[in-house]
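# Survey of secondary and tertiary structure
The primary structure of each chain is shown beneath.
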Amino acid sequence: MRRPFTNIRGACPAVAIHIPWDATENYGELGAYAASKGIRIGAVNPNLFQDEAYRLGSVANNKEGVRRKATGHLLECVDIAKAVGSDALSLWFADGTNYPGQAPIRQRANWMQACLEEVYAKLAPDMRMLIEYKFYEPAFYHTDLADWGMAFNLANKLGPQAEVLVDTGHHAQGANIEHIVAYLLNEKKLGGFHFNSRKYGDDDLIVGAMNPYELFLIFYQIVDAMRDGDTVVRQKAANIAYMIDQSHNIEEKIPAMIRSVLNVQTQFAKALLINSQEVRLAQERQDVLGAEHAVRSAFEQDVTPLLEAFREERGLPADPMKAFYDSGYLNRIRGRGIIIAIAKAMTNSGSPAKAGRPLFVLRSRKDSLLQKIIRLRGRSAR
Ligand SMILES: [Mn+2]
């Protein structure tokens, strides 16, 4: 088990946890265990959508008791983050409505803000609150945090430790995500990413699988901000929390994650190759095609040999995917029926961690069809 992850952690130093899916009795021990494996616990993700009580909303629910329950869970997650040594509370709300008139939209915004103010006050000084938005699904009429502007406004109201999280799958078709990224960077409010790619809705496919150029252009904006004249913009750009939020239904999960990381690395490397001087000069002489060429030509470079050399210099396998398959790990976990074991543990206790299995297999939030089925089963049981 140790060998492949010794390799992967060359690029991915942290594992996000999702509560209650990763719930365990002793969080200090969990943090120490992660450290003993050379990784740390990244963002803590509360779950405010699985419990039947949240069917009509969590922190924006019109029932005060439900809002209390949701706030209590968020506060519990702040404590968990402190115990495991995490510096990020990552928030996504399924809150919204399906029909006009179903609930008071303005009042819900105020309820949500009041709950988050209470949670914000309990953050450790070095902790940040990442606020994610999504324009529809599971709600189909209105979502309480529908776009970056709403998340940005809420983060501004809460304070400097609150920042916006951009999930690349949470926009309407045709939205210019790299523009949103640039805007938030300029406002010093871009906290993190949930990477994934999509063709239609929030498909949660392997990042870069559908539109690698979009991913490259996102990194172009980040790399450009890293060279900004403003120190704070540079610091913020260097301190972005990069996360993967995907759902692997038909493909092997760990290779899919490795592929995702490699795709991110590739587009980041290409963005670093953009000749910023050439771009700037073209912009100054208002040479539209010259500027476009300076950006695009970096995308057309093959960075594979560069990345292989970069990894080898650090004592990492040049080809992480090959190293993973060669390790035999996939066959070993297949042999012990880990997926079935986790499914069983989740059905019984809602917590894969309690089964004493590794935490990284069911990684992303809506990890698989399997989890959706388990959730639906849980609902019908209640
Ligand atoms: Mn997400």
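All values reported here derive from a predicted model rather than from experimental measurement. (Residues numbered from 1 in each chain as written. Predicted model: local features only at pLDDT ≥ 70, side-chain atom pairs only at ≥ 80, totals over all residues.)

## A closer look at the overall build of the protein
Note the cut-off: In this description a helix means any DSSP run of H or I spanning at least four residues, a strand means any run of E spanning at least two, and both kinds are numbered starting from the N terminus. Once C-beta atoms are placed from the backbone, each residue is buried if 20 or more other C-beta atoms lie within 10 Å of its own, exposed if 12 or fewer, and partly exposed for counts between those two. Any two residues are considered in contact once their C-beta atoms, placed from the backbone, lie within 7 Å.
When helices and strands are counted, the protein shows 16 helices and nine strands. Counting only residues that meet the buried cut, the protein has 38% of its 382 residues in that class. Sequence-distant contacts, at least 24 apart, represent 75% of the contacts inside the protein between residues at least 6 apart.

## Regarding unusual backbone geometry
Cis geometry is adopted by the peptide bond preceding Pro20, which originates at Ile19 and carries an omega value of 15°. Inspection of the secondary structure puts Pro20 in the loop between strand S1 (14–19) and helix H2 (27–36). The omega torsion of the bond from Glu137 to Pro138 falls at 10°, within 30 degrees of zero and hence cis. Note that Pro138 resides in the loop between strand S5 (128–132) and strand S6 (142–143). Its identity is not glycine, yet Asp204 carries a phi of approximately 55°, on the positive side. Under the C-beta neighbour-count criterion, Asp204 is labelled buried, with 25 such atoms within 10 Å.

## Details of H2
Note the following rule: Regarding the arc, it is the one traced by the directions from the helix axis to the C-beta atoms.
Turning to H2, its buried residues number three or more, namely Tyr27, Leu30 and Ala34. Along the long axis of H2, the arc covered by the buried residues comes to 50°, so they all point the same way. Along H2, exposed side chains directed more than 90 degrees from the buried face belong to Gly28, Glu29, Ala32 and Ser36. The elements touched by buried residues of H2 are S1, strand S2 (40–46) and helix H3 (64–84). One or two positions beyond H2, positive phi appears at Gly38, with a value near 80°.

## So, the confidence of the model for the protein
One rule of thumb: low pLDDT means the predicted coordinates there are not for detailed reading. Quick note on the threshold: pLDDT gives the predictor's per-residue confidence on a scale running from 0 to 100.
Within the protein, residue pLDDT values average 89, and 86% of them lie at 70 or more. Across residues 341–370 the pLDDT falls below 50, and counting only partners more than four positions away or on other chains, this stretch makes 59 contacts in the model. Residue range residues 372–382 is modelled with pLDDT below 50. Its contacts to residues more than four positions away, or to other chains, number seven contacts.

## A few points about the environment of Asn26
Here Asn26 lies in the loop between S1 and H2. Look at Asn26 and you get exposed, because 10 C-beta atoms sit within 10 Å.

## A look at the environment of Ile17
Inspection of the secondary structure assignment puts Ile17 in strand S1. Residues Ile17 and Val44 lie 27 residues apart in sequence; the distance between their C-alpha atoms is 5.1 Å.

## Focus on the environment of Arg128
Take Arg128: it is sitting in strand S5. Taking the C-alpha atoms as reference points, Arg128 and Pro160, separated by 32 residues in sequence, lie 8.4 Å from one another. Apart from the residues lying within four places of it in its own chain, the contact partners of Arg128 are Asp87, Ala88, Gln161, Glu163 and Gly191.

## Brief notes about the packing of helix H9 (residues 253–272) against helix H13 (residues 320–327)
Packed helices, taken two at a time, are described by the angle their axes make and the gap between the axes. Condition: Under this scheme, a helix contributes an axis fitted over its contacting stretch, all axes are lines through C-alpha atoms, and angles between N-to-C directions fall in the 0 to 180 degree range. Small angles under 35 degrees read as roughly parallel and large ones over 145 as roughly antiparallel, with 65 to 115 read as roughly perpendicular and the rest as oblique. A clockwise turn of the near helix away from the far one marks a right-handed crossing, whereas an anticlockwise turn of less than a right angle marks a left-handed crossing. Throughout this entry, Asp, Glu, Lys and Arg are counted as charged residues, while Ala, Val, Leu, Ile, Met, Phe, Trp, Tyr, Cys and Pro are counted as nonpolar. The remaining residues, Gly among them, count as polar.
Between H9 and H13, the shortest axis-to-axis distance is 10 Å and the interhelical angle comes to 160°. Considering their axes alone, H9 and H13 lie roughly antiparallel with respect to each other. Pair H9 / H13 crosses with right-handed handedness. Taken together, the residues of H13 that come into contact with H9 (itself represented by Ile254, Pro255, Ile258, Arg259 and Leu262) are Pro320, Met321 and Phe324. Each residue belonging to the contact of H9 with H13 can be placed in one class, and the counts come to seven nonpolar, no polar and one charged.

## Section: the packing of H3 against helix H4 (residues 105–120)
The interhelical angle for the contact between H3 and H4, taken along N-to-C directions, is 30°, at an axis separation of 9 Å. Compared by their axis directions, H3 and H4 come out roughly parallel. H3 and H4 meet at a crossing whose hand is right-handed. Seen from H3, the contacting residues are Arg67, Ala70, Thr71, Leu74, Leu75 and Val78; seen from H4, they are Trp111, Cys115, Glu118 and Val119. Tallied by class, the residues present in the contact of H3 with H4 amount to seven nonpolar, one polar and two charged.

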